[in-house]
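Listed below are the residues making up each chain.
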Amino acid sequence: MSTFSVLAAKEGHEIFRTWRIWVLPGIVMFFAVVGPPLAKITPELLGSLTASAPGTLALPDATFTDAYGQWIKNLSQIVLFTIIIMYGGVVSSEIREGTAAFVLTKPVSRATFIAAKASMHAMFITVVFALGTLTTWFVTLLTFGTAPSGQLWGAAFLLLIYGLLALSYTTLFSVLIPAAAGAAGTGLGIYALLAVGAAWDPLATFGPAGVPGIAAAIAAGQEHASPAWPAVTSLVAAAAALGVASLIFNRKEL
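Given the structure is predicted, the values throughout are model-derived calculations rather than measurements.

1. Here's the deal with the overall build of the protein chain
- When helices and strands are counted, the protein chain shows eleven helices and zero strands.
- In sequence order, the protein chain lays out its α and β elements as α-α-α-α-α-α-α-α-α-α-α.
- Across the 254 residues in the protein chain, those meeting the buried criterion constitute 43%.
- Of the contacts made within the protein chain by residues no fewer than 6 positions apart, 80% connect residues no fewer than 24 positions apart.
- Roughly 12600 Å² of accessible area belongs to the protein chain as shown, and the carbon and sulfur atoms make up 71% of that amount.
- The average position of the 11 basic charges and that of the 10 acidic charges among the side chains of the protein chain differ by 15 Å.

2. Considering a nonpolar patch on the surface
- Nonpolar side chains collect at one region of the surface, where Met-29, Met-123, Val-127 and Leu-131 lie side by side and expose about 350 Å² of accessible area between them.
- Counting through the fold element by element, Leu-131 comes out in helix α6 (residues 110-144).

3. Thoughts on the pattern of salt bridges
- Applying the stated criterion across every chain, the model contains five salt bridges.
- The shortest N-O distance in the salt bridge between Glu-14 and Lys-10 comes to 3.2 Å. One end of the pair, Glu-14, and the other, Lys-10, are both in helix α1 (residues 3-17), four residues apart, so they sit about a helical turn from each other.
- The class for Glu-14 is partly exposed, based on a relative accessible area of 25%.

4. Things to note about the nonpolar core
- Leu-24, Trp-71 and Ile-125 are the most contacted members of the largest nonpolar core, which totals 67 residues.
- In terms of residues, this core owes the most to one element, helix α7 (residues 149-176), which gives 16 residues.

5. Comments concerning α7
- In this model α7 runs 41 Å from its N-terminal to its C-terminal C-alpha over 28 residues, within 8% of the 40 Å that 1.5 Å per residue would give.
- Counting buried positions over the 28 residues of α7 gives 21, a clear majority of the element.

6. So, the packing of aromatic side chains
- Evaluated as defined, the whole model comprises six aromatic pairs.
- Centre to centre, the rings of Tyr-169 and Phe-173 are 6.0 Å apart; their planes meet at 55°, and the pair counts as tilted. Here Tyr-169 pairs with Phe-173, and both are found in helix α7, just four residues apart, close to one helical turn.
- Its relative accessible area of 8% is what places Tyr-169 among the buried residues.
- A centroid spacing of 6.1 Å and a plane angle of 75° characterise the contact between Phe-206 and Trp-229, whose relative ring orientation is edge-to-face. Taken together, the residues span a long stretch of sequence, with Phe-206 in helix α9 (residues 201-206) and Trp-229 in helix α11 (residues 228-251) at a distance of 23 residues.
- Over the face of the ring belonging to Phe-249 we find Arg-110, whose NZ or CZ atom lies 5.5 Å from the ring centre.

7. A closer look at the side chain of His-121
- With respect to the element layout, His-121 can be found in helix α6.
- A polar contact is formed between the side chain of His-121 and the side chain of Glu-11, at a distance of 3.1 Å.
- Those residues in contact with His-121 that lie beyond four places of it in its chain are Glu-11, Ile-15, Arg-20, Tyr-87, Val-90 and Leu-167.

Rules used throughout
Residues numbered from 1 in each chain as written. Predicted model: local features only at pLDDT ≥ 70, side-chain atom pairs only at ≥ 80, totals over all residues. Heavy atoms only, no water. Helix = DSSP H or I, 4+ residues; strand = E, 2+ residues; numbered from the N terminus. Buried < 20%, exposed > 50% of the residue type's maximum accessible area, 1.4 Å probe, protein only. Contact = heavy atoms within 4.5 Å. Areas by Shrake-Rupley, 256 points an atom, 1.4 Å probe, with all protein chains shown as cover. Lys, Arg positive; Asp, Glu negative; His and termini not counted. Charge placed at Lys NZ, Arg CZ, Asp CG, Glu CD. Patch = residues over 30% accessible without salt bridge, like charges linked within 9 Å, V, L, I, M, F, W, Y side chains within 5 Å. Salt bridge = Lys/Arg side-chain N within 4 Å of Asp/Glu carboxyl O. Core = buried A, V, L, I, M, F, W, Y, C linked by side-chain atoms within 4.5 Å. Expected span 1.5 Å × (residues − 1). Phe/Tyr/Trp six-rings, centres within 6.5 Å; stacked < 30°, edge-to-face > 60°. Lys NZ or Arg CZ within 6 Å of the ring centre and 35° of its normal. Polar contact = N/O pair within 3.5 Å; in protein donor to acceptor, adjacent residues only side chain to side chain.

Pasting the structure below:
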């Protein structure tokens, strides 16, 4: 087996042996199952609460787009927060516990160490996103009787790219910052900056900041800017973050 394969297998075993295998899938599947029914009953609940108020407007019935919008909102907020917090210690914890030093006494390059780690966790996130989106589609179909798949999968794929970007820059901060909380906090800061940057049209049109808004528009079946540039720049930024992480880790004292 190649060095990369051995390290990738190690990461795979660690995913299944730690709390990560439960936390992210648990959160994603919870929202996938409860989201569509909640979207359906929300107008009725709001209508019943405001029925006695004078001048109350009748709320339109919920549709599958409401369920899709709720799913995309959860992915772009709570799920991304979870990813950033989960991976704040993805490298620093191994340095602190001495695992990284032990592994790197073997003929293993530090770049391969980072690449294997990022690849396996990216695969894990991809599988979780896919299972959650499939569940959302199925529950939406049961709840509303119709669930066009293109809108949902197109939006979820964009947010998967955004999630992989979050994984990449959190990995970089985990190399730079010894404390997992510090790396996660910095990652959340970058998330907030991207959210603010979405208000500036050039960043929203061409940069990663535009991904959540475009994904929400796709899910709702609305007109939207082309997702090509935000997707490409997100992937380039993710690759750059991992490249910088490898360079810094290569010079880091273990």
